[in-house]
Amino acid sequence: MILNTGSRTDIPAFYSDWFYNRIREGYVLSRNPYYPTQIAKYLLCPEVIDVMVFCTKNPSPMFARFSELSAFEMFWFVTITPYGKEIEPHVPDKEQIIRYFKILSEKVGKGRISWRYDPVFISRRYTADYHIEQFGKMARALSGYTEQCVVSFIDLYEKTKRNFQGVLPVTKKEQEKIIDSFSEIAKEWGLQIHLCCESAELVRENVDADGCMSKAVLEKALGCRLNAPKKKTARSECSCLLGADIGAYNTCLHGCLYCYANYDRDTVLNNSRLHNPASPLLIGEVSEEDVIRQAEQKSWKDGQLDFFDLL
């Protein structure tokens, strides 16, 4: 199975001590965001967890205790965008994140870390040409430290439109211009681009629309086949192996205006005050009304890939 830590919040950036405490305890509880009294229990053991997937804008808080993850296979997504503090108010300086990315790459290997350049949106300041220029600079800086990059264009969820007033969708013409240029830059620096829930019309020689956390991506990283069960995805365009997320919505403190996982800043701050690093839950404690069920867990590994599978 895949343990996902990053679709709802940024655990490495803000809750690393809690996560390492869960590793030591050997289990974690995850509250169902839609049925709050239902809690899933996951055993944290490498016999059933084939890979832990992390998605973060700042991996550095994890570094001090990184040896505690040595028994587990990992795959990391690190988001680095060109936006300023008016868009991402609590994200560290991008040059610093690039340095952290390189440190992490040296720890896990360049085949197990992906750069996320998303979401892409257009404004008077952040034009298509600006994105192309910044993508080129970042691709050069990260060359040799990763083999792939995830790109997506902004989705205008109701929460996004409320928190990021005035933002507009990226037109088809703008998308094509950006992807054409990104493709050429990625070729130069040895990157494969994975589009996240975007049209197959944007597929290019080194640009696919197969998803960021697809079966193929993880199989290549792990060097083995995964007999993953078929599940209904949140969006029809998404082919990623999601599920088993131990995070919680409305808990990420980065404060990015485009974020789909937060309702508003006050809700996030209120929830973060309920965080206890010693609790098995990310936010709050188990109550008498809660029903805890052991999640179904088993390994999906199904034989090693050979050379031709990796081509």
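Please read all numbers here as calculations on a predicted model, not as lab measurements.

### A closer look at helix 3 (residues 94-108)
Next up, step 1: Here helix 3 contains 15 residues, and its C-alpha end-to-end distance of 21 Å stays within 8% of the 21 Å for a straight helix at 1.5 Å per residue.
Next up, step 2: For helix 3, the full list of buried residues reads K94, I97, I98, Y100, F101, L104, S105 and V108. Relative to the axis of helix 3, the buried residues are bounded by an arc of 160° and lie together on one face.
Next up, step 3: For helix 3, the secondary structure elements touched by its buried residues are strand 5 (74-79), strand 6 (113-120) and helix 4 (128-142).
Next up, step 4: Capping the start of helix 3 is the job of one residue whose side-chain oxygen sits 3.0 Å from the backbone nitrogen of E95: D93.
Next up, step 5: Positioned one or two residues after helix 3, G109 has a phi angle of 100°, which is positive.

### Things to note about the packing of helix 4 against helix 6 (residues 172-188)
Next up, step 1: Across the interface, helix 4 lies against helix 6 with an axial gap of 10 Å and an inter-helix angle of 20°. Comparing the axis directions of helix 4 and helix 6 gives the class roughly parallel. You can see that helix 4 and helix 6 cross each other, and the crossing is right-handed. Contact residues: helix 4 offers A128, D129, H131, I132, F135, G136 and A139, while helix 6 offers K177, I178, S181, F182, I185 and A186.

### Here's the deal with the sheet that holds strand 2 (residues 27-31)
Next up, step 1: Read across the sheet, three strands follow the order 2-3-11 without closing on themselves; strand pairing throughout is mixed. This sheet does not close on itself; its edge strands, each paired only once, are strand 2 and strand 11 (291-294). If you compare each strand with its neighbour and ignore which way they point, the axes differ by 30° on average.

### Some thoughts on the pattern of salt bridges
Opposite charge on two side chains permits pairing when their charged atoms draw close.
Next up, step 1: Within this structure, the stated rule accounts for 16 salt bridges.
Next up, step 2: Across the salt bridge formed by R125 and E86, the nearest N and O atoms sit 3.2 Å from each other. A residue pair is termed long-range when its members are at least 10 positions apart, and R125 in the loop between strand 6 and helix 4 and E86 in the loop between strand 5 and helix 3 qualify at 39 residues.
Next up, step 3: For the salt bridge of K172 with E201, the shortest nitrogen-to-oxygen distance reads 3.3 Å. Residue K172 is found in helix 6, and its partner E201 is found in the loop between strand 8 (192-195) and strand 9 (207-208); the two are separated by 29 residues along the sequence. For the pair shown, K172 and E201 are each scored as exposed.
Next up, step 4: Ionic contacts of the salt-bridge type, sharing partners, join the residues D17, R24, R65 and E68 into one network.

Conventions we followed
- Residues numbered from 1 in each chain as written.
- Predicted model: local features only at pLDDT ≥ 70, side-chain atom pairs only at ≥ 80, totals over all residues.
- Heavy atoms only, no water.
- Helix = DSSP H or I, 4+ residues; strand = E, 2+ residues; numbered from the N terminus.
- Expected span 1.5 Å × (residues − 1).
- Buried < 20%, exposed > 50% of the residue type's maximum accessible area, 1.4 Å probe, protein only.
- Arc of directions from axis to C-beta.
- Contact = heavy atoms within 4.5 Å.
- Polar contact = N/O pair within 3.5 Å; in protein donor to acceptor, adjacent residues only side chain to side chain.
- Axes fitted to C-alpha atoms, helices over the stretch in contact; angles between N-to-C directions.
- Parallel < 35°, antiparallel > 145°, perpendicular 65-115°, else oblique.
- Left-handed = near helix turned anticlockwise from the far one by under 90°.
- Pairing = 2+ DSSP bridges.
- Salt bridge = Lys/Arg side-chain N within 4 Å of Asp/Glu carboxyl O.

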